[in-house]
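In case you want the letters, here they are:
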Amino acid sequence: MNLRTPAPLSVPAAWKAANFVEDFSWIHQFSPQQLDELRLAISKWRTGLHFSEIQSPERFLPSFLPLAKQIIETLATRGFVLLRGLPVHEMSDEDTACAYWAIGQLLGTGTTQNARAELVCPVTNADVDFGYSGSASQRNVRGYMSNADLNYHCDPTDVVGLLCLRKAKAGGESTIVSTTSIYNRILAQHPEHLPALLRGFRYDRKGEELSGEEPITPRIPVFVPHKDRVSCRYARSYILGGADKSKIPLTASERAAIDCFDTVARDEELVLKMAFEPGDIQLLNNFTTVHGRTAYEDHPEVEQRRLLYRLWLHLGGERPWSDESDVMRYAFARFGNLGLSAQEWKRRTTQIES
Ligand SMILES: O=C(O)CCC(=O)C(=O)O
Ligand SMILES: [Fe+2]
């Protein structure tokens, strides 16, 4: 076995649930000054501007700058934060999107997330049936459109943001797990699965690829160990979809390896539960955490359904977490209309129109 890091990693990214029984440093409550700046900025941006056209949000939100620096550092180390207290109850959903987008741009570059090129993507139950079955990959359904239980997965971007606007009537609990801890556990207790996980899997592109693009990705490793860190990409339903579409079934050892990943990820010792309140923004480094969600039941009124706004942020610059060839970073994130910045998307649509 060619393992560059055969030793378990003892780094802040390798956290367990027990680390946060009394430590709430991962929750940041917005300060009154930050909220005042935000309200004023929104009143300026509201004048017919689409959120993606906001220029230089840092000029309007100076007290967010030290916070943004700290969040970027924390995402690169522990890998997650929860920002609390965005006043969503006093804002229209459009103003909320504006505020959220502006905060996101202080951290990185927001990118498009689906075939519709949404930059702030509503995560809500659109009455689709997500449960994975042999034919689910043919239906090209993505989990965020359903109220189903979502297996632990990484979103295919550097950092994902989930802002809660409305909670479910019951369920819909978010949980996160350190993938560095999952790696450590597999290394110590189930090393026979590492070769399959290091080799990786081909992912279903769910029909969101453009014509001429492959419907499935090249092989994306689940783990890429570096000197003192391990980067992870994992999404079971997309792996199963990739096997279906390529008509190359997973081998018994590949299936055993993803079963092992899921079993370890569900270990109570590793799982940190987060009950979202409206106004909470969960930010996750997708190379060092996986997230999941329990199934949920909505309120009967459609406008009261659980609603999150999702951001995908690219942190740019050198590769802080990905693999050498960037296949982990981009293969599952930059195809079709996905993975484009607002400017790139605008350029593409302008070219098509002219
Ligand atoms: O609904 C949630 O809590 C998580 C949804 C999710 O994982 C996603 O949209 O990527
Ligand atoms: Fe997700």
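These numbers were taken from a predicted model, which means no experiment stands behind them. (Residues numbered from 1 in each chain as written. Chains lettered and ligands numbered in written order. Predicted model: local features only at pLDDT ≥ 70, side-chain atom pairs only at ≥ 80, totals over all residues.)

### Observations regarding helix α9 (residues 252–265)
The terminal C-alpha atoms of α9, which comprises 14 residues, lie 20 Å apart, in line with the 20 Å expected from a rise of 1.5 Å per residue. Along α9, the positions that sit buried rather than exposed are A257, I258, C260, F261, V264 and A265. Along α9, the residues classed as buried sweep out an arc of 150° about the axis, all on the same side. Set apart from the buried face of α9 by more than 90 degrees, the exposed residues are A252 and D259. (Helix = DSSP H or I, 4+ residues; strand = E, 2+ residues; numbered from the N terminus. Expected span 1.5 Å × (residues − 1). Buried ≥ 20, exposed ≤ 12 C-beta atoms within 10 Å, placed from the backbone. Arc of directions from axis to C-beta.)

### Digging into unusual backbone geometry
Positive phi is not limited to glycine here, since A117 has a value of about 60°. Tracing the backbone through its elements, the reader meets A117 in the loop between β3 (109–110) and β4 (121–123). Even without being glycine, K206 reaches a positive phi, approximately 55°. Position of K206 relative to the elements: it lies in the loop between β9 (201–204) and β10 (216–220). K206 gets classed as buried once you count the C-beta atoms within 10 Å, which come to 22.

### Comments concerning the nonpolar core
Counting residues in each nonpolar core, the largest one holds 84 residues, and the members touching the most others are Y100, L163 and F261. Broken down by element, this core gets its largest block of residues, eight residues, from helix α4 (residues 93–107). (Core = buried A, V, L, I, M, F, W, Y, C linked by C-beta atoms within 7 Å.)

### Let's talk about the packing of helix α6 (residues 179–189) against α9
The geometry of α6 relative to α9 is characterised by a closest axis approach of 10 Å and an angle of 120° between their N-to-C directions. Along this stretch, α6 crosses α9, giving a crossing that reads as right-handed. Here I182, R185 and I186 of α6 lie close against α9, whose contacting residues are C260, F261, V264 and A265. Of the residues assigned to the contact of α6 with α9, the class counts are six nonpolar, no polar and one charged. (Axes fitted to C-alpha atoms, helices over the stretch in contact; angles between N-to-C directions. Left-handed = near helix turned anticlockwise from the far one by under 90°. Contact = placed C-beta atoms within 7 Å. Nonpolar A, V, L, I, M, F, W, Y, C, P; charged D, E, K, R; others polar.)

### Here we look at the packing of helix α1 (residues 32–45) against α4
At their nearest, the axes of α1 and α4 sit 10 Å apart, and the two run at 115° to each other. As summarised for this structure, α1 and α4 are arranged roughly perpendicular, according to the angle between their axes. In this structure, α1 crosses over α4, and the sense of that crossing is right-handed. Residue-level contacts link L38, A41, I42 and W45 of α1 to D95, C98, A99 and A102 of α4. By residue class, the composition of the contact of α1 with α4 is seven nonpolar, no polar and one charged. (Parallel < 35°, antiparallel > 145°, perpendicular 65-115°, else oblique.)

### Focus on the site of ligand 1
Residues in contact with ligand 1, as listed here, are V123, Y144, L150, D155, L162, S174, H291, R293, L308 and R310. Secondary structure elements with two or more residues in the shell around ligand 1: β15 (289–293) and β17 (307–314). Grouping the amino acids of the shell around ligand 1 by side-chain chemistry returns five nonpolar, two polar and three charged. (Near = placed C-beta within 6 Å.)

### Some words on the sheet that holds β15
The antiparallel open sheet is built from four strands, whose spatial order is β5-β15-β8-β13. Looking along the sheet, the strands with just one partner apiece sit at the ends: β5 (150–153) and β13 (272–274). Each neighbouring strand pair of the sheet contributes to a mean axis angle of 20°, computed without reference to strand direction. Bridge count between strand β8 (residues 174–178) and β15: five bridges; the pairing is antiparallel. (Pairing = 2+ DSSP bridges.)

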